[in-house]
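# Close look at the chain arrangement
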Amino acid sequence: MSGSFFSLMSIALGAILVSNVVFSQLLGAGPFLKGSGSLRAALGTGLAVTLVMTLTSAACWPVNEYILVPNGLKFVEMAIFLLIAVFLVELLELLWRKLAPGRELPSTGGLPLAANCAVLGVVLQNVQNVSSFLQSLTYGVAGGLGFLLAILLFAGVRERLEFAECPKAFEGLPIALVTAGLLALCFTGFSNLNIFG
Amino acid sequence: MREAEEKKQGELSLSELKKGGEKESVDEKPVLERADIQQETGFLRLTGWLCLLFAVCGLFLGLVNLLTEERIAQHQGERHMGVLEEVLPYGGDYREIRYSGGDSAIEAAYEAEGAGWVFQVSPEDSYSGTLTLMVGVNGDGTVSGVAVTASGETEGLGLRASESEFRAQFTGKSGPVQVEADGGEIAAISGATVTSRAVCAAVTSALNAADGLK
Amino acid sequence: MNIGKQIKGGLLTRNPVAVRLVGLCAAVAVTTTLLNGLGMGLCVTAVLILSNGILSALWFYLPQRLRTISAIMVTAALGGAADLLIQAFFPALAGELGLFLPLVPVTVILLGGAGTYAYENTVASSMLEGLCQGLGYTLVLTLAGFLRELLGKGSFGFGFLEGGQGIRLFPEQYAALGLNGPVGGFLALGCVAALVQYFNGRPKRTKKKEKEGAKG
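Predicted model, so just to flag it, every value in this text is computed and none were measured.

Calculation rules
- Residues numbered from 1 in each chain as written.
- Chains lettered and ligands numbered in written order.
- Predicted model: local features only at pLDDT ≥ 70, side-chain atom pairs only at ≥ 80, totals over all residues.
- Helix = DSSP H or I, 4+ residues; strand = E, 2+ residues; numbered from the N terminus.
- Buried ≥ 20, exposed ≤ 12 C-beta atoms within 10 Å, placed from the backbone.
- Contact = placed C-beta atoms within 7 Å.
- Pairing = 2+ DSSP bridges.
- Nonpolar A, V, L, I, M, F, W, Y, C, P; charged D, E, K, R; others polar.
- Axes fitted to C-alpha atoms, helices over the stretch in contact; angles between N-to-C directions.
- Parallel < 35°, antiparallel > 145°, perpendicular 65-115°, else oblique.
- Left-handed = near helix turned anticlockwise from the far one by under 90°.
- Core = buried A, V, L, I, M, F, W, Y, C linked by C-beta atoms within 7 Å.
- pLDDT = per-residue confidence, 0-100.

### Some points on the overall build of chain A
Regarding its fold elements, chain A presents eight helices and zero strands. Order of helices (α) and strands (β) in chain A, N terminus to C terminus: α-α-α-α-α-α-α-α. Among the 197 residues that make up chain A, the fraction classed as buried is 50%. Considering only contacts within chain A whose residues lie at least 6 apart along the sequence, 80% involve residues at least 24 apart.

Written out as structure tokens, the structure is:
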């Protein structure tokens, strides 16, 4: 079953809708809440996370498979993955400055992007569960797209939320968290959705 | 020469900082910005520093790993034995055996001499592809117990496959096991038919494998 | 040094989760029970204190351009060690925290701002700051865990008290099972964040409002 196009598609759709990075696996709640002030900001954050997640997944899987596991270095995996993520984000920032000089970065900056539970969580899951490079890459892309979908939906709700009245103590983050909870409830509707099967 | 000067300056600022820190409140900025104290360091020195840092961190982690490795492995072993004991109660040692049948869902097989077998099964048709079960089979070809060891299924619904009521239904069953919707006897977890089917498929795989070993 | 202000900062006015919005990821995920929240919080606190202390002691010797990467490395090493130690000595907690245990260094890096505080303050002050921020984090996680366990499982101290079953406060069939999932994580954390904001807003309500207005 593994390897065929349809199986990869079903992995991808499953990862986006059924086990969504934010709503089902609870990874990346930080950038999800911070970067969703407006639809524009959300698009920037979402795309940046997707890009970084894809690249990091692609880079970490071979490192784990061919360097860490054969040498019994599993205990340094987190440090290595963190370094790879930081390195990639630095590289992307450099590239961005070269390509679009003077324009602001589309996200909240490098460190929160690299030290990001969503990115590293997906990478950790990949090296634990996934047996091929292509699958790992698929999970990386799908995880990123799932994050993008989640943050766009959430930013749409939050833009309306600005004008809503709520108790003083709930203004800002708390009501955003409650809203995210309700969105997560919506996403449980996708559970046991059977794709191509 | 310059280094020494820098160092002196640095020490001075550090002591200033310490003095200042006692008076100042937390929110206020420190006395000196870091850029004032050190100038650009050469490429070689930077590389050297990085290597040293990596080496120290790596050695530290390696040391901790050395100290904890045994205990962690022991815990993992205990957990593994606990699951085996749960699905097929048996006092003695479980012997890992080679499964040479054609079913790719069977990941590992254990023999409890005279009592039966335990199979580690990962059915193909689960959501995430990471559902893993331990299925115990009695010597007479009936199921003795089922346990979920890894579940990448959707939290909430799919995870309930590990609930005892659902799992208890399998005990004593034999032959192909199916959910009620497919004409079998197992009541599926409501809203998690796919997961329930995957568990049934896993149990059926294990029963067939046991048949082959008899 | 104003220790009281620093402690209050960590717990309330600069609370890492409710005000600075860092480390939310683990806070939403691991708070299924009181004990999970407490365990995660204390683990993060310990790593944060140590990494702040070490970075603050190293600050002069580190070349300027390597400061961020050093902070990341030191924290990753300490976090990795904490991961291994918990796996070895508290296997049950390690099982409960799952994927979020290896992610501890990520939380700590964000909580400590990759050493921003440590590089600008003395060792003692940095360690105290680590303690305060860590305790603020622990407070939020413990409260959220308590709420979620109470409503989702109907018990107190699950996994520790009364032989692992916890003290039953009401029969399990009346518990809101949905709160054990992701939904409960967001809702419980939202309520705790609201509580922190309530305490923050009480004495200086007008000032707070101005600040929020400026931000928005």
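### With respect to the overall build of chain C
In terms of helices and strands, chain C carries ten helices and two strands. Reading the helices (α) and strands (β) of chain C from amino to carboxyl end gives α-α-α-α-α-α-α-α-β-β-α-α. Residue burial in chain C is summarised as follows: out of 216 residues, 61% are buried. For chain C, restricting intrachain contacts to residue pairs at least 6 apart in sequence, the fraction spanning at least 24 positions comes to 75%.

### Remarks on the pairing of strand S2 (residues 106–112) of chain B
All names here are of chain B. One ladder, built from three bridges, connects strand S1 (residues 95–97) with S2; its direction is antiparallel. Paired with Arg-95 across the two strands is Glu-111, which belongs to S2. The pairing of S2 with strand S3 (residues 116–121) spans six bridges and is classified as antiparallel. In the strand pairing of S3, Ile-106 is matched with Val-121. A loop of three residues connects S2 with S3, the two strands running antiparallel in sequence, and Gly-114 in this loop sits at a positive phi of about 85 degrees.

### So, the interface of chain C and chain A
Contacts between the two partners involve 38 residues from chain C and, on the opposite side, 35 residues from chain A. Counting only elements with at least two residues in the side of chain C that touches chain A, the list comes to helix H2 (24–29), helix H4 (67–89), helix H6 (104–111) and helix H9 (182–201) of chain C. When residues in the side of chain C that touches chain A are grouped by element, the largest group, twelve residues, is from H9(C). Residue composition of the side of chain C that touches chain A, by class: 30 nonpolar, seven polar and one charged.

### What to know about the packing of helix H4 (residues 77–99) of chain A against helix H6 (residues 117–129) of chain A
Residue and element names in this part refer to chain A. The geometry of H4 relative to H6 is characterised by a closest axis approach of 11 Å and an angle of 130 degrees between their N-to-C directions. Of the possible angle classes, the one that applies to H4 and H6 is oblique. Like other packed secondary-structure pairs, H4 and H6 cross with a definite hand, here right-handed. For the pair formed by H4 and H6, the contact residues are Glu-77, Phe-81, Leu-82 and Ala-85 on the first element and Val-119, Leu-120, Val-123 and Val-127 on the second.

### Comments concerning the nonpolar core
In terms of nonpolar packing, the biggest core is built from 135 residues, with Val52(A), Leu82(A), Leu120(A) and Val140(C) touching the most fellow members. In this view, Leu82(A) contacts Ala115(A), Leu120(A), Ile72(C), Ala76(C) and Pro105(C); residues no more than four positions away in its chain are not counted. Of all hydrophobic cores here, the second largest spans 32 residues; its members include Ala112(B), Trp117(B), Phe170(B) and Cys200(B).

### Focus on the environment of Val118(B)
All names here are of chain B. One can find Val-118 in strand S3. By the C-beta count within 10 Å, which is 29 here, Val-118 ends up buried. Residues Val-118 and Tyr-94, 24 residues apart in the sequence, show an inter-C-alpha distance of 8.7 Å. Ignoring any residue separated from it by four or fewer positions in sequence, one finds Val-118 in contact with Leu-84, Val-87, Leu-88, Tyr-94, Tyr-110, Ala-112, Met-134, Val-135 and Gly-136.

### Things to note about the confidence of the model for chain C
All names here are of chain C. Taken residue by residue, chain C gives an average pLDDT of 78. The fraction at 70 or more is 86%. For residues 205–216, every residue scores under 50 in pLDDT, and the model assigns this stretch three contacts once sequence neighbours within four places are set aside. Interface confidence in the predicted complex, given as ipTM, is 0.81; pTM for the same model is 0.76.

### Quick notes on the environment of Leu93(C)
Residue and element names in this part refer to chain C. Residue position: Leu-93 is located in helix H5 (residues 91–97). The buried category is assigned to Leu-93, around which 21 C-beta atoms lie within 10 Å. Between the C-alpha atoms of Leu-93 and Asn-36, which are 57 residues apart in sequence, the distance is 6.9 Å. Setting aside its immediate chain neighbours within four residues, Leu-93 contacts Gly-39 and Ile-86.

### Structural notes on the packing of helix H3 (residues 34–58) of chain C against H4(C)
Residue and element names in this part refer to chain C. Orientation of H3 relative to H4, taken along the N-to-C sense of each, is 145 degrees, at an axis distance of 9 Å. Crossing of H3 against H4: the hand is right-handed. Contacts from Cys-43, Ala-46, Val-47, Leu-50, Ser-51, Ile-54, Leu-55 and Leu-58 of H3 reach H4 at Ser-70, Ala-71, Val-74, Thr-75, Leu-78, Gly-79, Ala-82 and Ile-86.

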